[in-house]
Amino acid sequence: SFQQLRELPKATVNQTSMRLSASIAGALTSCGCNHLPTKLSPLIRSLFTSLKNEQSYQRKQVTCRYIADLVLILTGNDSYSKARTKLIENVCNLACEEGTGVAQSSQGATLAIEFLIKNIDRMKMKLQDFIPIW
């Protein structure tokens with residue numbers, strides 16, 4: 001209930017809201033292109049927040065799958081080409097980051113790229129179609 005949620009420590013509420021937002025973004029992604037919102041920023045922001053901050057490896061894997069699926073969905077729709085390119089660039093940049101506190105985020109981004117590459121074969125596409133990765 002909302003009352004129980006209010007009584008939780010603030011860090012738990014933030015983690016809960018992050019997971020809820022990522023789950024909603026993932027559900028929309030799973031529904032396909034016809035159900036994506038016009039503005040993708042909130043959806044992508046939710047997935048990236050989870051990618052960067054999620055502590056659970058299993059939940060991070062699910063987020064990575066959603067990101068890879070979203071890239072493939074956006075690839076099939078020309079009106080989302082800028083969003084797709086920016087999303088791939090951001091994942092690649094995160095995967096290449098170094099420094100304290102980013103190792104876990106970097107590993108998550110690398111995992112998202114791995115899921116994307118596995119899905120490329122399934123979609124009968126070529127890696128060359130994904131300029132920032134290629």
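Above this text is the structure in question.
Summarised in this report is the structure supplied together with it. Small disclaimer: the values here were computed from a predicted structure and weren't measured. (Residues numbered from 1 in each chain as written. Predicted model: local features only at pLDDT ≥ 70, side-chain atom pairs only at ≥ 80, totals over all residues. Heavy atoms only, no water.)

**Things to note about the environment of L74**
Next up, step 1: Mapped onto the elements, L74 comes out in helix 4 (residues 57-75).
Next up, step 2: What makes L74 buried here is its relative accessible area of 1%.
Next up, step 3: The spacing of L74 and R84 is 10 residues in sequence and 5.7 Å in space, taken between C-alpha atoms.
Next up, step 4: With sequence-adjacent residues up to four places away left out, L74 is seen in contact with L36, L40, Y80, A83, R84 and L87. (Helix = DSSP H or I, 4+ residues; strand = E, 2+ residues; numbered from the N terminus. Buried < 20%, exposed > 50% of the residue type's maximum accessible area, 1.4 Å probe, protein only. Contact = heavy atoms within 4.5 Å.)

**Focus on the packing of helix 3 (residues 41-53) against helix 4**
Next up, step 1: One way to put it is that helix 3 packs onto helix 4 with a least axis distance of 9 Å and a crossing angle of 145°. Judged by the sense of rotation from one axis to the other, the crossing of helix 3 with helix 4 is left-handed. Facing L43, I44, L47, S50 and L51 of helix 3, the residues of helix 4 in contact are K60, T63, C64, Y66, I67 and L70.
Next up, step 2: Across the contact of helix 3 with helix 4, the residue classes tally to eight nonpolar, two polar and one charged. (Axes fitted to C-alpha atoms, helices over the stretch in contact; angles between N-to-C directions. Left-handed = near helix turned anticlockwise from the far one by under 90°. Nonpolar A, V, L, I, M, F, W, Y, C, P; charged D, E, K, R; others polar.)

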